[in-house]
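Here are the chains, one letter per residue:
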Amino acid sequence: MQFDTIVRGGNVVTPTGTSKTDIGIVGEKIAAIGPDLNGSPGAKIIDASGHHVIPGVLDVHVHLELPFCGTTSSDDYRSGTRAGARGGVTTLIDFAIPYAGDSLNDAADNWMKKAEGKAMIDYTFHICITRWNEHKDQIKGMVDRGFTTFKEFMIYKSEGWQSDDKALFGTLEKMKEYGTMLLVHCESADVLDELISRYHTPELMKQHGATLHAITRPNFVEAEAIQRVIMWSEATGGQLYIVHMSTKEGADIVKAAQKRGVPVVAETCAQYLVLDDSKFEGEDGHLFACCPQIKKPDDIDRLWKGLKDGEVSVVSTDTCTFTREQKAMWEGDWTKIPMGMPGLETLMPVVYTHGVLKKRISLEDMVSKLCTTPAKVMGLYPRKGAIEVGADADLAIIHPTLSHCVDCATMETNADWSPYQGWNLAGFSRTTISRGDVIVDDYAVVGREGRGQWLPRTRAGLQSA
Ligand SMILES: [Zn+2]
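Residues numbered from 1 in each chain as written. Predicted model: local features only at pLDDT ≥ 70, side-chain atom pairs only at ≥ 80, totals over all residues. Heavy atoms only, no water.

So, about the coordination of the zinc ion. Each protein donor to the zinc ion is listed here as H61 (NE2), H63 (NE2) and D318 (OD); together their distances run 2.1 to 2.2 Å. Mapped onto the sequence, the residues coordinating the zinc ion show the spacing H-x1-H-x254-D. Residue H61 is located in strand β6 (residues 57–62), and its partner D318 is located in the loop between β15 (314–316) and α13 (324–327); the two are separated by 257 residues in the primary sequence. A residue is classified by how much of its surface remains accessible, and H61, at 1% relative accessible area, is buried. Judged by its relative accessible area of 9%, D318 falls in the buried class. (Donors = N, O, S within 2.8 Å, 3.2 Å for Na, K, Ca; no water. Helix = DSSP H or I, 4+ residues; strand = E, 2+ residues; numbered from the N terminus. Buried < 20%, exposed > 50% of the residue type's maximum accessible area, 1.4 Å probe, protein only.)

Rendered as structure tokens:
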């Protein structure tokens, strides 16, 4: 067989095992896997010896250029997908959120426009249902258009995004009917708002500063909401995906539900695995505000255990970048901090360094949580998340131990700070390949902006994978 590219001699990792082998690429696809592939004069040879070769990472929870918290998140499809590439991410899923009066189609059109001509890696969108009465009859049309994952928020009333129980229940019924999946941001809105109002005084804000972000979001705010929406999933049989789960209680509830056969999958994010709420103390504490907020060390331990044992299926980032200037809008009122942080570039390095190298999870587990399982759950497998013949030639090649010191000044994200500033992290991508194109070479982004493609889908959820 004549290959265009051969990835030579790498330690090829899939969820089921690891072996030293070659990968032959023809066009955009993996065409052969085996030792000592040859006979291709003119083929580009990529030396992967001494490195791990994994499927390109999927970050399935990303917000680029999102209008939020009175400003717009600063990483767009140009800087955001460059950052992803450097972290070995070859597919991202963003959230198309309808503006006031917009249909679901309008929301998808708007987000398509943000990505087109800028994205270096492939992408699609979760479609956010924000006004159930208006949007419920548009869901089937979006499935027909190639969108199979939807999102509802249990908070964000003032943004006009909140879903009540009727909307959650009704959407899950439709997910069951269409073989699609609902993603839910689980926080208990009324209790959260009550706690915020109790602390929203000049004296307490002066006294506690950014730590009020943690004080007003105790774990039960998330746990109650997870419990409630799991009940609606159980009642309807609709496939449910808990986004950015951050609490130990959440992990326990999900585990128990999965045991009784509820079709629920849980995601956590890199920041909930390595940062705790002591970060809110100190001058830069407000930078760490994200939603939900970072929790306690015992939550961190429980989430790692969940990844190892299986109740936590996916790690993503909830990337929603704000600069120091944007974060400064808070002026001492924690409810005004733009919530979110950069993440695409450091997702795999954080999970590799703090998960695999610290032996909390295996290398194969990492590939499952960052590549294969997200691809399956989001209806993209085996095109994405797989190293097998016929899959897209999306690969990340990483050195087993070589680390880089995180410095926001040298990163692709346009954030002028990093939650991991000064950390030494292994697992940055030496070489990233997207549909056969080398887009990162020797740790530097070399891909063409605008080459990324939208990924239509026909299904979602583990039941249909
Ligand atoms: Zn989010």
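Ranked by internal contacts, the top residues of the largest apolar core, which has 141 residues, are Y241, I242 and M366. Ignoring anything within four residues of it in the chain, the contact list for M366 reads I54, M348, V351, Y352, V356, I361, C371 and I398. (Core = buried A, V, L, I, M, F, W, Y, C linked by side-chain atoms within 4.5 Å. Contact = heavy atoms within 4.5 Å.)

The next subject is the packing of helix α14 (residues 347–356) against helix α15 (residues 363–377). Axis separation between α14 and α15 bottoms out at 10 Å; the angle between their running directions is 150°. The hand of the α14/α15 crossing is right-handed. Residue-level inspection shows L347, M348, V351, Y352 and V356 of α14 in contact with α15, the latter providing L363, M366 and L370. Among the residues making up the contact of α14 with α15, the classes are represented as 8 nonpolar, no polar and no charged. (Axes fitted to C-alpha atoms, helices over the stretch in contact; angles between N-to-C directions. Left-handed = near helix turned anticlockwise from the far one by under 90°. Nonpolar A, V, L, I, M, F, W, Y, C, P; charged D, E, K, R; others polar.)

Its volume calculated, the largest pocket comes out at about 390 Å³. Taken together, 18 residues form the lining of the largest pocket, with Y156, S158, E159, I196 and M339 sitting closest to its centre. With 4 residues, helix α6 (residues 189–199) is the single largest residue contributor to the lining of the largest pocket. The class makeup of the residues in the lining of the largest pocket is 9 nonpolar, 4 polar and 5 charged. (1 Å grid on protein atoms, 1.4 Å probe; cavity = no way out; pocket = protein on both sides within 12 Å on 5 of 7 lines; lining within 4 Å. Points joined across faces, edges and corners; volume = space filled by probe spheres on them.)

Here 3 bridges tie strand β19 (residues 429–434) to strand β20 (residues 437–441), and the two strands are oriented antiparallel to one another. Considered in β20, the bridge of T432 is made with V440. What sits between the antiparallel neighbours β19 and β20 is a turn of 2 residues, in which R435 has the positive phi angle 40°. Of the strand pairs in this sheet, β20 and strand β21 (residues 444–445) are connected by 2 bridges, and their pairing is antiparallel. Within the sheet, the bridge partner assigned to V440 lies in β21 and is V445. (Pairing = 2+ DSSP bridges.)

As a further point, take the sheet that holds strand β10 (residues 122–128). Overall, parallel pairing links the 8 strands, which are arranged β6-β9-β10-β11-β12-β13-β14-β15 in an open sheet. If you trace the sheet from one side to the other, it starts and ends with β6 and β15, each paired once. With direction set aside, neighbouring strand axes in the sheet form an average angle of 30°. For β6 and strand β9 (residues 89–96), the ladder comprises 4 bridges, and the chain directions are parallel. In the strand pairing of β9, V57 is matched with V89. Taken strand by strand, helix α1 (residues 77–86) contacts β9 and β10, and its axis lies near 140° from that of β9.

As a further point, take unusual backbone geometry. Omega for the bond connecting C291 with P292 falls within 30 degrees of zero, at -5°, which places this linkage in the cis form. A cis geometry characterises the amide bond from Y381 onward to P382, with omega recorded as 5°. Relative to the helices and strands, P382 resides in the loop between α15 and β16 (395–398). Phi is positive for C69, which is not a glycine, with a value near 55°. Phi is positive for R435, close to 40°, though the residue is something other than glycine.

If you check α15, its first and last C-alpha atoms are 20 Å apart, about what 15 residues at 1.5 Å a residue would give, namely 21 Å. In α15, a bend of some 45° at K369 exceeds every other bend along the element. With 12 of 15 residues buried, α15 lies mostly within the body of the structure. Every buried residue of α15 is accounted for by L363, M366, V367, S368, K369, L370, C371, T372, T373, P374, A375 and V377. (Expected span 1.5 Å × (residues − 1). Bend = angle between axes of the 7 residues up to and from the residue.)

To describe a pair of aromatic rings, one takes the distance between the centres and the angle between the planes. Enumeration over the complete set of coordinates arrives at 13 aromatic pairs. The interplanar angle of 80° and the centroid separation of 5.4 Å between the aromatic rings of Y156 and W161 together place this pair among those described as edge-to-face. Y156 sits in the buried class, given a relative accessible area of 10%. Using a relative accessible area of 9% as the deciding quantity, one classes W161 as buried. An angle of 70° between the planes, with centres 5.7 Å apart, marks the rings of F288 and W417 as edge-to-face. You can see F288 sitting in the loop between α11 (270–274) and α12 (297–309) and its partner W417 sitting in the loop between β17 (403–405) and β18 (424–426), a full 129 residues away along the chain. (Phe/Tyr/Trp six-rings, centres within 6.5 Å; stacked < 30°, edge-to-face > 60°.)

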